[in-house]
Amino acid sequence: MSCAALCLLLLHTGAQGFGILPGNSRNHQEITEKAILNSTLQVCRALAQAEGTDFTFPAQPLTAKAVAVACGEPKASKSFRQAIIFIMWRNIRGDIRRAFNASFHFDDELFVQGRKIITEGLLSVKASNKQENFEAARQKVGEILHPLQDFYSHSNWVELGNKLPNANLIRSDTSIGNIADKSRATCRNCDGDDCRNNILGDVIEEKVLTSGYFGSLPFLSTKPKGKCSQGGPLDQTSNIEPKGGINKDTFSASHGHLHTDAVNLAIAATSGLLEDIREAAGDRPFLQMMGISKGSSKALCFVIDTTRSLSDDIATVRTVTSSIIKSVVGTEDEPSVYILVPFNDPDFGPLMKTTDPNVFESAINSLSAAGGGDEGELSLSGLQLALTGAPSNSEVFLFTDARAKDKHLKSTVIALIERTQTVVNFMITESTMLNRMKHVNDTKEHPRIAASDAQLYRDLAQASGGLAIEVTKSELLVATSIITESSSSSLVTLLQAARSPGKTDNFYFIVDETVINLRVYITAHDITFTLTSPTGESQQSTDTTGPLITDSQSVGNFKTLRLKRQTGLWKIKMVSCNDYTLKVIGHSPIDFLFDFVEASQGPLTGYDALDTRPRAGVNGSFLVSLTGSDSATVTEVTLVESSGSEEIKGVIEPQGGGSFLVHVDTMPSVEFVVRVKGRDDSVAPGASSIFFQRQLSTNFRASQLTVIADSDSILVPGTPFSVPFSVITSGVGGNFTIRATNNRRFDSTSPTNLFLETGNSVNDTVTLSAPLNTPSGSDVTLTIEVEATASEDTNYVVLRFSIFNAVTDFTPPVCELLSLPSNCSDNCSLSTWEFSVQVTDGAEGTGVERVSLKRGNGTLTSSLAAGNENITLVSYSSSCCSPDMELLVVDRVGNVGTSLYTELGIH
């Protein structure tokens with residue numbers, strides 16, 4: 001069997017629900033993506049109508065790029081696609097990691113338990129959105145979509161003749177349906193391979209709800225007498241009478257003739273859940289959860305040393321912040337979120353995150369420098385907090401003139417850099433490297449950071465694909481020009497390399513027709529280079545003017561070049577004995593997303609995205625997803641040694657929709673980066689194809705250690721929360737150091753070391769406790785690191801948990817009509833209609849939070865009733881040319897109620 005055929009077999013067999021990856025039948029990914037694209041498009045259409053702007057529906061089939069363009073945010077296509085992929089991976093994990101938990105698949109007639117997973121998760125999503133923790137919200141959305149979609153494949157909802165989804169699956173205060181009693185028979189034997197009529201007639205006639213039983217262990221799997229089985233090759237209960245099954249996972253399943261009906265209902269149900277989330281959050285927050293925001297999808301994130309010696313630096317940051325905000329607010333490059341993390345000694349934080357540039361600028365202006373000394377600062381603690389609070393693929397700028405007092409967090413920070421693929425730039429002022437020629441005798445003028453301490457920052461910068469810029473305080477303002485250039489969400493990396501120790505080397509990069517604003521960043525001391533364009537023209541670094549470099553600046557160890565735009569293959573020859581880094585960037589819509597994946601082990605096979613480093617020395621797989629073009633294709637994916645020239649090329653398998661599964665025979669044992677080359681044929685008639693090259697900034701490592709951890713993703717304040725984990729080594733056994741850290745400084749217990757033999761595994765547990773006053777909707781990131789004492793090999797797992805206080809309010813607010821006078825006449829433009837209602841959330845409710853128009857063109861006003869803050873009075877007036885309206889009311893935990901009114905009364 002060929003490799004491609006084998007991989008396709010892995011992808012399509014044994015799913016405990018709709019299929020996992022593409023095939024003839026529809027799968028969880030397609031169901032999820034279609035619903036997200038349609039729902040997001042409808043939100044953008046509603047916003048356009050409300051704002052009076054034009055809206056054009058894109059052509060079918062929908063893509064993330066087409067929807068982002070229709071929403072007026074074309075630069076958000078990458079972050080939108082990333083959000084969709086993230087949600088889909090979390091959905092798939094329902095099959096990979098919870099394959100035998102019947103509640104997650106609505107098997108074994110566990111309807112109440114399955115709905116509880118959905119409704120509790122839905123409340124958690126709403127709480128996360130309220131706190132603007134959109135990544136935690138996306139994670140939980142993906143998790144609860146799996147059981148929601150499986151309901152239509154594993155139950156008999158379709159067979160009962162239902163043409164609409166079961167709306168009560170996302171509400172816990174209503175009946176799911178007429179659920180079969182445990183003692184009631186629901187199925188008969190199939191007629192050979194024909195299972196079309198195996199559900200008993202009285203079950204169909206009485207609209208009794210049942211689902212198939214499932215068990216994968218021969219001789220140990222059972223089911224109650226007379227019950228239906230799920231069916232399929234893995235289900236051992238399908239061989240117990242009544243034999244057969246009722247699942248509709250694929251066209252070839254027991255009830256495969258209803259597969260399309262089940263898929264359509266699953267899409268509709270997914271859309272319904274997303275609509276409920278939208279109504280609770282509001283249109284703009286919903287779009288932010290989906291990775292679409294006005295302006296750039298990137299965050300502007302500053303981590304700032306606030307000790308006294310940084311007073312000048314803080315003043316510079318104030319100047320830069322003001323300049324950036326004035327230049328980008330209201331433009332397509334305006335950051336989607338602003339983040340500030342101060343640090344000093346003995347403290348760091350808190351993290352301040354806002355979407356309001358004025359709030360951010362005020363927070364920067366309020367920073368004051370005080371204290372400090374020669375003991376170092378908690379710079380890595382501040383950076384850890386920023387990495388867990390900023391969106392993935394962000395760019396962070398850390399300002400300091402001091403060494404890191406918390407060096408022990410280096411591996412934790414690198415783990416977070418790898419998982420979030422965030423670029424970290426260090427703005428280091430007055431280091432020993434800068435002052436090495438000064439021979440200053442006055443102690444007061446000695447720099448606070450020595451060369452050996454600055455190396456830590458250089459290592460972290462290189463790991464992230466960022467820069468360690470070392471300048472004097474007077475040069476800092478010039479160096480910060482990089483911040484403005486990095487704020488655009490269309491920024492792409494064409495080449496990134498480092499040499500330590502430095503050596504003469506040649507580097508090549510391709511500039512395609514879509515790339516503009518071409519820049520080269522170099523960090524080094526005493527370096528020369530020769531730049532050669534695609535036409536063969538050359539320019540030396542010693543030439544102040546020339547044909548290729550239109551502008552250049554040098555401050556400290558940082559040199560930036562603006563290149564004349566020429567398409568084709570460029571070459572830059574670097575000459576230095578000192579360490580150096582080289583980075584070539586530009587702006588282009590075409591880029592890619594990257595995830596390490598691993599084939600699931602066991603009977604339920606498929607691929608799962610890794611939360612950890614891949615295994616070294618063995619074959620590996622990863623998923624590459626192109627963004628910014630619906631017609632581009634990947635022609636080459638290469639793992640390139642970060643500090644050398646060794647390369648490993650992958651075998652590419654197109655998956656459709658711009659995604660490509662890539663396999664390599666051996667994962668490198670050294671640090672590496674990912675380079676992608678491709679072709680786009682969607683050019684003007686008669687023009688040649690576009691050939692492009694992109695590189696991921698993040699430097700990755702593989703490991704001979706494997707760390708596996710999983711747990712329920714909702715943490716309840718005041719309740720100990722256990723996270724079991726396992727460690728496996730394929731390298732040398734012995735003693736291993738365990739470090740478990742969390743970004744919220746919650747109390748935790750965990751082992752500090754483990755003994756492990758080669759090829760064996762060991763299990764243990766980390767326990768977290770969130771204080772009772774932790775706000776619902778916040779989150780915590782846990783990093784579990786394992787280090788081999790003998791080999792210095794390390795690996796980790798990074799997990800994010802939502803924090804959610806249990807609620808007792810599951811009932812939406814209700815509206816009571818007070819009056820509905822109408823003065824409508826034959827000439828609607830000369831007459832109006834109006835009404836007034838009171839909205840309450842019940843005696844046990846949490847209270848009404850928001851009242852808004854879901855539909856209607858009139859004027860809505862609301863206020864609290866005098867003397868009773870539990871009652872909200874609402875008035876509405878409208879031209880009779882708009883004879884109906886729909887009122888949307890949301891309580892404080894996100895329960896949503898709607899009421900439809902017309903000039904003639906209530907609908």
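Since we're looking at a predicted model, the values are computed, not measured.

Structural notes on the overall build of the chain
Helices and strands together make up the secondary structure of the chain, namely 16 helices and 43 strands. Taking 907 residues into account, the globule formula puts the C-alpha radius of gyration at 29 Å, and the chain, at 29 Å, falls close to it. Its C-alpha atoms put the chain at 90 × 75 × 65 Å along the principal axes. Looking at the chain as a whole, 56% of its 907 residues are labelled buried. Per element, the accessible surface of the chain, about 36,100 Å² overall, is 50% carbon and sulfur. Across the chain, the centroid of the 74 positively charged side chains sits 2 Å from that of the 101 negatively charged ones.

A few points about helix α13 (residues 410–420)
The element α13 is extensively covered by neighbouring structure, given that eight of its 11 residues are classed as buried. Among the residues of α13, those classed as buried are Thr412, Val413, Ile414, Ala415, Leu416, Ile417, Glu418 and Thr420. Where α13 is buried, its residues touch α12 (379–389), β7 (423–429), α14 (451–464), β30 (734–742), β34 (779–788) and β35 (794–803). One or two steps after α13, the chain reaches Gln421, where phi turns positive at roughly 50 degrees.

A word on the environment of His154
Residue placement: His154 occurs in helix α6 (residues 134–154). Within the structure, His154 has its side chain in polar contact with the backbone oxygen of His105 (distance 2.9 Å).

Things to note about the pattern of salt bridges
Under the criterion given, the structure shown has 41 salt bridges. A salt bridge links Arg458 to Glu470, with the shortest nitrogen-to-oxygen separation between them at 2.7 Å. Separated by 12 residues along the polypeptide, Arg458 in helix α14 and Glu470 in strand β8 (residues 468–471) bring together distant segments of the chain. Accessibility classification places Arg458 together with Glu470 in one group, the buried group. Linking Asp884 and Arg855 is a salt bridge whose minimum nitrogen-to-oxygen distance equals 4.0 Å. On the criterion of sequence distance, the pair formed by Asp884 in strand β41 (residues 884–891) and Arg855 in strand β38 (residues 848–855) is long-range, its members being 29 residues apart.

A few points about the nonpolar core
Ranked by internal contacts, the top residues of the largest apolar core, which has 62 residues, are Phe80, Tyr152 and Met289. Considering each element in turn, this core owes the most residues, nine residues, to helix α8 (residues 259–281). Once residues within four sequence positions are removed from consideration, Tyr152 is found in contact with Trp157, Val158, Pro165, Asn166, Leu169, Lys248, Ala262, Leu265, Ala266 and Ala269. Listed in part, the 35 residues of the second largest apolar core include Leu385, Ala415, Ile428 and Ala461.

So, the environment of Gln49
Inspection of the secondary structure puts Gln49 in helix α2 (residues 28–51). For the pair Gln49 and Phe106, spaced 57 residues apart in sequence, the C-alpha to C-alpha distance is 39 Å.

A short note on the sheet that holds strand β11 (residues 516–524)
Spatially, the five strands line up as an open sheet ordered β9-β17-β11-β15-β14, and their pairing is antiparallel. Two strands close off the open sheet at either side, each with one partner strand: β9 (491–499) and β14 (549–555). Strand after strand, the sheet turns through a mean of 15 degrees between neighbouring axes, direction not considered.

Considering the pairing of strand β26 (residues 690–695)
Burial runs high along β26: five of the six residues are buried. Examined bridge by bridge, strand β25 (residues 672–680) and β26 share six bridges and lie antiparallel to one another. By the bridge assignment, Asp680 is partnered in β26 with Ile690.

Describing the pairing of strand β16 (residues 568–575)
Bridge count between strand β10 (residues 505–511) and β16: seven bridges; the pairing is antiparallel. Bridging across to β16, Val511 finds its partner in Gly568. As judged from the five bridges shared by strand β12 (residues 528–532) and β16, these two strands associate in the antiparallel manner. Bridging from a neighbouring strand, Phe529 pairs with Met574 of β16.

Here we look at the sheet that holds strand β23 (residues 651–656)
The strand order across the open sheet formed by five strands is β19-β18-β20-β24-β23, and the pairing between neighbours is antiparallel. One side of each edge strand has no neighbouring strand; the edge strands of this open sheet are β19 (607–609) and β23. In this sheet, adjacent strand axes meet at a mean angle of 35 degrees when their direction is disregarded. Strands in contact with helix α4 (residues 77–96) are β18 (591–599), β19, β20 (620–627) and β24 (659–664); relative to β18, the strand with the most contacts, it is inclined by about 10 degrees.

A look at the packing of α2 against α4
Running from N to C, α2 and α4 cross one another at 140 degrees; their axes reach a closest spacing of 9 Å. Helix-helix and strand crossings are classified by hand; for α2 and α4 the assignment is right-handed. The segment α2 lies against α4, with His28, Gln29, Thr32, Glu33, Ile36, Leu37 and Thr40 engaging Phe80, Ile84, Ile87, Met88, Asn91, Ile92 and Asp95.

Thoughts on the packing of aromatic side chains
All told, the structure shown has 25 aromatic pairs when counted by the stated rule. Here Phe426 and Tyr457 contribute two aromatic rings whose centre-to-centre distance is 5.1 Å and whose plane-to-plane angle is 25 degrees, an arrangement assigned as stacked. Of this pair, Phe426 sits in strand β7 while Tyr457 sits in helix α14, placing them 31 residues apart in sequence. Each of the two residues, Phe426 as well as Tyr457, counts as buried. For the pair Phe835 and Tyr876, a centre-to-centre distance of 5.5 Å together with 40 degrees between the ring planes defines the contact as tilted. A residue pair is termed long-range when its members are at least 10 positions apart, and Phe835 in strand β37 (residues 832–840) and Tyr876 in strand β40 (residues 868–879) qualify at 41 residues. Residues Phe835 and Tyr876 agree in their burial class; the two are buried. Three or more aromatic residues joined by ring pairs form one cluster here, namely Phe106, Phe111, Phe151, Tyr152 and Trp157. Above the plane of the ring of Phe348 lies Arg745, whose end atom (NZ or CZ) is 4.0 Å from the centre.

Examining the side chain of Gln693
By the secondary structure assignment, Gln693 is in strand β26. In terms of polar contacts, Gln693 uses its side chain to reach the backbone carbonyl oxygen of Leu494, at 2.8 Å. For Gln693, the contacting residues outside a window of four places in its chain are Thr493, Leu494, Tyr508, Phe509, Ile510, Arg675, Val676 and Lys677.

Topic: α6
Across its 21 residues, α6 extends 30 Å between first and last C-alpha, which sits within 8% of the 30 Å expected from 1.5 Å per residue. The element α6 is extensively covered by neighbouring structure, given that 21 of its 21 residues are classed as buried.

Description of the confidence of the model for the chain
Per-chain confidence: the chain averages 89 in pLDDT, with 93% of residues scoring 70 or above. Within the chain, no element has a lower average pLDDT than helix α1 (residues 3–12), which sits at 30, and none a higher one than strand β2 (residues 208–209), at 98. Predicted confidence for residues 1–15 stays below pLDDT 50, and this span has 25 contacts to residues more than four positions away or in other chains. Across residues 435–446 the pLDDT falls below 50, and counting only partners more than four positions away or on other chains, this stretch makes eight contacts in the model.

Quick look at a nonpolar patch on the surface
A contiguous nonpolar patch, built from Leu217, Phe219 and Leu220 and spanning about 440 Å² of accessible area, is present on the exposed surface. Within the element layout of this structure, Phe219 appears in the loop between β2 and α8. Phe219 gets classed as exposed once you look at its relative accessible area, which sits at 88%.

Description of the state of the cysteines
Defined simply, a disulfide is a covalent bond joining two cysteines at their sulfur atoms. Overall, the coordinates contain five disulfides when judged by the stated rule. Two residues share a disulfide in this structure: Cys187 and Cys228, whose sulfurs sit 1.9 Å from each other. Handedness here is read from the sign of the S-S torsion; for Cys187 and Cys228, about 90 degrees, the answer is right-handed. Taken together, the residues span a long stretch of sequence, with Cys187 in the loop between β1 (178–179) and α7 (201–205) and Cys228 in the loop between β2 and α8 at a distance of 41 residues. One exposure class covers both Cys187 and Cys228, and it is buried. Here the cysteine-cysteine linkages of the chain are recorded as 1-2, 3-6, 4-5, 7-9, 8-10, numbering only bonded cysteines and doing so in sequence order.

About the criteria used
- Once a new chain begins, its residue numbering starts again from 1 and follows that chain's sequence as written.
- Local features in this predicted model are restricted to residues of pLDDT 70 or higher, and side-chain atom pairs are both shown and tallied only at a pLDDT of 80 or more, whereas totals for entire chains, interfaces and linings draw on every residue.
- Derived side-chain values reflect all non-hydrogen atoms in the structure, with water molecules and hydrogen atoms excluded from consideration.
- Only DSSP runs of H or I with at least four residues qualify as helices, and only runs of E with at least two residues qualify as strands; both kinds are numbered from the N terminus onward.
- Radius of gyration here is computed from C-alpha atoms only, and the compact-globule reference equals 2.2 Å multiplied by the residue count raised to the power 0.38.
- For each residue, the accessible area found with a 1.4 Å probe, counting protein chains only, is set against the maximum for its type, and the residue is called buried under 20%, exposed over 50%, and partly exposed in between.
- With residues, only the protein chains shown are counted as cover, and all accessible areas are computed by Shrake-Rupley using a 1.4 Å probe.
- The positive count covers Lys and Arg only, the negative count covers Asp and Glu only, and His and the chain ends enter neither.
- Charge coordinates come from a single atom per side chain, which is NZ of Lys, CZ of Arg, CG of Asp or CD of Glu.
- Note on contacts: a residue pair qualifies if any of its non-hydrogen atoms lie within 4.5 Å across the two residues.
- Pairs of N or O atoms within 3.5 Å make up the polar contacts considered here, provided that, within protein, one atom can donate a hydrogen while the other can accept it, and that residues adjacent in sequence are counted only when both atoms are side-chain atoms.
- Any Lys or Arg side-chain nitrogen found within 4 Å of a carboxyl oxygen on Asp or Glu counts as a salt bridge.
- Residues enter a nonpolar core if they are buried and are Ala, Val, Leu, Ile, Met, Phe, Trp, Tyr or Cys, with the set joined through side-chain atoms within 4.5 Å.
- The pairing criterion is simple: DSSP has to find at least two bridges between the two strands.
- The convention used is that axes are lines fitted to C-alpha atoms, helices contributing only their stretch in contact, and that angles between N-to-C directions extend from 0 to 180 degrees.
- It is the rotation of the near helix from the far one that decides the hand of a crossing: anticlockwise by less than a right angle makes it left-handed, clockwise makes it right-handed.
- Centres within 6.5 Å make a pair out of two Phe, Tyr or Trp rings, where for Trp the six-membered ring is used; the pair is then stacked when the planes are under 30 degrees apart, edge-to-face when over 60, and tilted otherwise.
- By definition, being over a ring means that NZ of Lys or CZ of Arg is both within 6 Å of the ring centre and within 35 degrees of the ring normal.
- For a helix, the expected span equals 1.5 Å multiplied by the residue count minus one.
- Residue-level confidence of the predictor is what pLDDT reports, using numbers from 0 through 100.
- What makes a patch is a set of residues exposed beyond 30% relative accessible area and free of salt bridges, joined within 9 Å when like-charged and within 5 Å when nonpolar (Val, Leu, Ile, Met, Phe, Trp, Tyr).
- For the purposes of this analysis, a disulfide is any pair of cysteine sulfur atoms at a distance within 2.5 Å.

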